[in-house]
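An overview of the molecular structure
This is what each chain is made of:
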Amino acid sequence: MSFDTFVVVDWSGASKPSPVKPSKDAIWIGLAREGTVETSYHRTREAATDTLAALFDAERDAGRRVLAGFDFPFAYPAGFAEALTGTSDPLRLWQALAQRIEDAPDNANNRFHVAVDLNDLFPGIGPFWGCPETFGDARLPTKGTRRHGHGMPERRRCDATPGAQPVWKLYTTGSVGSQALLGIPRLQALRDRFGDDIAVRPFERREAPITLVELFPSLIAKTVAELAEQDEIKDRAQVRILAGALRELDPQQLDAMSREGDAKEGWILGLGHEDALIAAARRAFTQPSEPTMPSDTTPPATDMLPPRLRDDCFAMPQGVAWVPVDEALSKLREALSPVTGTTTIATARAAGRVLAADVAAKRSNPPMPNSAVDGYGFAHAATGSGVQRLPLVAGRAAAGQPYPHAVPAGHAIRILTGAILPEGVDTVVLEEDTNTDGTTMVFDGPIKPRANTRKDGEDVAAGAPALSRGHRLRAPDLALASALGIAELPVHRPLRVGVLSTGDEIIASPDLPAAPHQIWDANRPMLLSLAQGWHYEPVDLGHVRDDADEIAQRLHEGAREADVILTSGGASAGDEDHVSALLRARGSLSSWRIALKPGRPLALAMWEGVPVFGLPGNPVAALVCALVFARPALSLLSGAGWSEPQGFTVPAAFAKRKKPGRREYLRARLNAAGAAEVFGSEGSGRISGLSWADGLVELPDGALEVTPGTPVRYIPYASFGLA
């Protein structure tokens, strides 16, 4: 079995978030694949787990096999699993620990209390040890020398390697015991999520899309020190260099290493093969390492990048002439995959971002049964038909001010909307249906049980799915996440869309003079505005003349600054179409002859690993191609999935005889009667028609005769994300 993607994780047992500035003793992730090695920094275990889940999802969906290594013990010395679970199966132990450990999004956790409970399973004192002096429970001693009589071995067989710490140690330097107690439940959560798509070696020998292994970076500590960058944080260097080394190992040798060792106590990958790891590390880093991200500007340290697209991803089969629109869209969808990295940000700042992983409710909404109205609460069992008179207890229940006592049967309490139902209350009568003298409340019965109340979790229960991966977050989504206690969200980095205009006839800005043979650039501001309106990060690459070297330099800059590039002009196959000529000579160009009006062949290419969409120079054709082709493609690249516009069937307010052979898009708007009228001229040079219109009428590929009243498909600009 061979692997495509190599992940190395330096874990942390911290009890609070790590510093905002990347630091040591935090969580670092190294990622090696396809000739690149990247690193990312994570302040909390939850953020790191979400990033790993999103990465595993993307790699599995793309058919790439992942080897993910973690620097904490996967198991304990012989006898511990049996004491806790009744079986020697280490994965049963994982489940048992996951049930006990509570690990909050801010790293607050109960590991010391769990260790006390685990020590209680054994005679004497121990085996776990190490805690703050303030913890104050003699069953968990602060020093290992204070343990006695617990009967457990001090180390696993693989922990005899120099530098390895005992798994029982929970506090101070080298406390791998805390990392294991807090890491194993996180790995179990990934097992629960991915099911049989994850295998844990050496406990499971089967093949799976994702394989988890235990690592010990100190196996090659001297080599890491030699290959580290100047002033590089040690943890970052370890994950970077070890990930690169794993990628360089012979696939068969690496697969065999992952299957070695004790299937009960676990094993450190590469133990006994240190020379092979060192040699692989030196092969991987004979040259200075690549930067964390291929960009001039340093992105958030928590960014994790997906793989780049293949250079031939846009290739059409040989012999293809004119391609129908639907076939072109299908081919485009198959060729692309997300290219943006993932990070974790505060929920309040997540508007417009694309969710990188499914999110579950941290708490039920509402968290407790409460009143849906202002009125009076009581136990339904004490009421019946006819006039009901219930004495009132002193006090009231209000939102944020719960009533602290039980309400006796046969009594009622004043209760306001949103107030938690006090003990003894299960039903509320609406205030308008009652009368009171301040000491007694009366109403006409009967009333339905639990009337005017809300159950806890009635909206969303704790642990239930709340928001789905790929969803672009809106204001209502932030409200839901906040109500469910979700303080941070895993999101994709905004897609960076570079826009470049070319042509000797183009003048970059209307504040510059233009000769009669020149025109001001209309496409670049239009496309930059589209990118911004679609929640992407527009990157203005400016305008260049029809000069191959200048265009190449600007594309080179765009490949460093953007995730995708849109060009306009010079993308056909004529003598003056310099962009297509350059992409054909130095990149990988595919010209798609799409049966579309308005529009010309759509030039698609890869330039230095970045996709390039060559749009027509005519603004009308450029906008139509951007809406029809670029919008769904960019959505997929951003992690939001493929988007399709919502069209509506409306009566035509125009007449047209259409020939077969290509799809047509007419600039249109709805009149007062709800019928679609089209712009007076179909000429692609009439830019005013774009502004006049509120949408497009889409006419199918076949022949069609349209008369007033004929049903046609109208797609409003808003359905293309054009406000």
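Everything below is about the structure printed above this text.
Figured I'd write up the structure that's included with this text. (Residues numbered from 1 in each chain as written. Predicted model: local features only at pLDDT ≥ 70, side-chain atom pairs only at ≥ 80, totals over all residues. Heavy atoms only, no water.)

So, about the sheet that holds strand S13 (residues 427-430). To summarise the sheet geometry, strands pair through backbone hydrogen bonds and adopt either a parallel or an antiparallel arrangement. One open sheet accounts for six strands, arranged S13-S10-S12-S11-S15-S14; its pairing is mixed. In this open sheet, the two edge strands, each paired with only one partner strand, are S13 and strand S14 (434-436). For this sheet the average axis-to-axis angle between neighbouring strands, irrespective of direction, equals 40 degrees. (Pairing = 2+ DSSP bridges. Helix = DSSP H or I, 4+ residues; strand = E, 2+ residues; numbered from the N terminus. Axes fitted to C-alpha atoms, helices over the stretch in contact; angles between N-to-C directions.)

To continue, consider the packing of aromatic side chains. Taken as a whole and assessed by the stated rule, the structure comprises 19 aromatic pairs. Between the aromatic rings of Phe 80 and Phe 128, the centroid separation amounts to 5.7 Å while the plane-to-plane angle is 75 degrees, which identifies the pairing as edge-to-face. Note that Phe 80 is positioned in helix H2 (residues 80-85) and Phe 128 in the loop between helix H4 (111-119) and helix H5 (176-194), a separation of 48 residues in sequence. Here Phe 80 matches Phe 128 in class, with each residue buried. An angle of 90 degrees between the planes, with centres 5.0 Å apart, marks the rings of Phe 128 and Trp 168 as edge-to-face. Here Phe 128, found in the loop between H4 and H5, pairs with Trp 168, found in the loop between H4 and H5; they are 40 residues apart in sequence, far enough to count as distant. When sorted by exposure, Phe 128 lands in the same class as Trp 168, which is buried. Through a chain of ring-to-ring contacts, three or more aromatic side chains come together here, namely Trp 11, Phe 70, Phe 72, Phe 74 and Trp 94. We note Arg 240 situated over the ring of Phe 285; from NZ or CZ to the ring centre the distance is 5.1 Å. Seen from the ring of Tyr 376, Arg 414 lies directly overhead, with NZ or CZ sitting 5.5 Å from the centre. (Phe/Tyr/Trp six-rings, centres within 6.5 Å; stacked < 30°, edge-to-face > 60°. Buried < 20%, exposed > 50% of the residue type's maximum accessible area, 1.4 Å probe, protein only. Lys NZ or Arg CZ within 6 Å of the ring centre and 35° of its normal.)

The amide bond that connects Asn 365 to the next residue, Pro 366, takes the cis arrangement and shows omega of -5 degrees. If you trace the backbone, Pro 366 turns up in the loop between strand S8 (359-360) and strand S9 (370-371). Backbone torsion omega between Gly 445 and Pro 446 reads 0 degrees, so that peptide bond is classified as cis. One non-glycine residue, Asp 25, lies in the positive phi region at around 55 degrees. Looking at where Asp 25 falls in the secondary structure, it is placed in the loop between strand S1 (5-10) and strand S2 (27-33). Positive phi values are uncommon outside glycine, yet Arg 450 reaches one of about 65 degrees. In this structure, Arg 450 sits in the loop between strand S15 (440-445) and strand S16 (453-454).

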